[in-house]
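Notes for the structure review
So the chains spell out like this:
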Amino acid sequence: MTSSSPERPGHRLLRWLRLGANHVLVLMMAAMFVAFILQVAFRYALNLPLAWTDEVCTIVWLWGILWGASFVMRNREDIRFDMLYNVLPRRLRRGFTLVASLLIVALLLTSLPATWSYVSFMKVESSASLQIPMNWMFFIYPVFVVAMVARHGLIAWDALNNRLMEDDSQAPAEAAQ
């Protein structure tokens, strides 16, 4: 799609959602940074360690990693070991992409009931300092699983329709030539 072509209806909404998710991630990282600086200042400057700042850093780190992987990171930003993949013919790359994505979807969907059971069970535990129920802390993981199922389902769909992720990254380079 060129910059002069009209935008598809759902793309504007997706762009706004991704921007909002990006802002949420920035706020999480800012909260973690502030908690970390408070911990250092209180521990070393005032000799009064704060237990709650360690919990805030841990919780926000967990949520930030899984939130970012679910809603902020794009497919082409994944770390890949693709030396062999890149030298394969397009048809085999499509096949590998399809099989890998379908396996990921199957594994994650298979794990979802046990994941939900564990997260639900963790409501009996609370964090030591802030008394946050542990199921709230771990709730981001089922969200991550559902987001990855959707992402890899779309990757599999694209592979079925002869569209691979590297097609997006090659378009700007080809347009510049």
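All figures in this text were calculated on a predicted structure; none of them were measured in a lab.

Cut-offs used in this document
Residues numbered from 1 in each chain as written. Predicted model: local features only at pLDDT ≥ 70, side-chain atom pairs only at ≥ 80, totals over all residues. Heavy atoms only, no water. Patch = residues over 30% accessible without salt bridge, like charges linked within 9 Å, V, L, I, M, F, W, Y side chains within 5 Å. Areas by Shrake-Rupley, 256 points an atom, 1.4 Å probe, with all protein chains shown as cover. Salt bridge = Lys/Arg side-chain N within 4 Å of Asp/Glu carboxyl O. Helix = DSSP H or I, 4+ residues; strand = E, 2+ residues; numbered from the N terminus. Contact = heavy atoms within 4.5 Å. pLDDT = per-residue confidence, 0-100.

**Topic: a nonpolar patch on the surface**
Taken together, the side chains of Phe33, Val34, Phe36, Ile37, Val40 and Tyr44 define a hydrophobic patch exposed on the protein surface, amounting to about 630 Å² of accessible area. Looking at the element boundaries, Ile37 is found in helix 1 (residues 9-45).

**What about the environment of Val34?**
Here Val34 shows up in helix 1. Sequence-wise, Val34 and Val56 are 22 residues apart; in three dimensions their C-alpha atoms are separated by 9.8 Å.

**Side note on the environment of Trp67**
Inspection of the secondary structure assignment puts Trp67 in helix 2 (residues 51-72). The spatial distance from the C-alpha of Trp67 to the C-alpha of Val143 is 8.3 Å, given a sequence separation of 76 residues. Here Trp67 is in contact with Ala21, Val24, Leu25, Met28, Val72 and Ile140, once residues within four sequence places are set aside.

**Re the confidence of the model for the protein chain**
Across the protein chain, the average pLDDT comes to 88, with 89% of residues at 70 or higher. Throughout residues 1-5 the model reports pLDDT below 50, and contacts reaching past four residues in sequence, or to other chains, amount to three contacts. Overall, residues 171-177 carries pLDDT values under 50, and its contacts beyond four positions in sequence, including any with other chains, amount to zero contacts.

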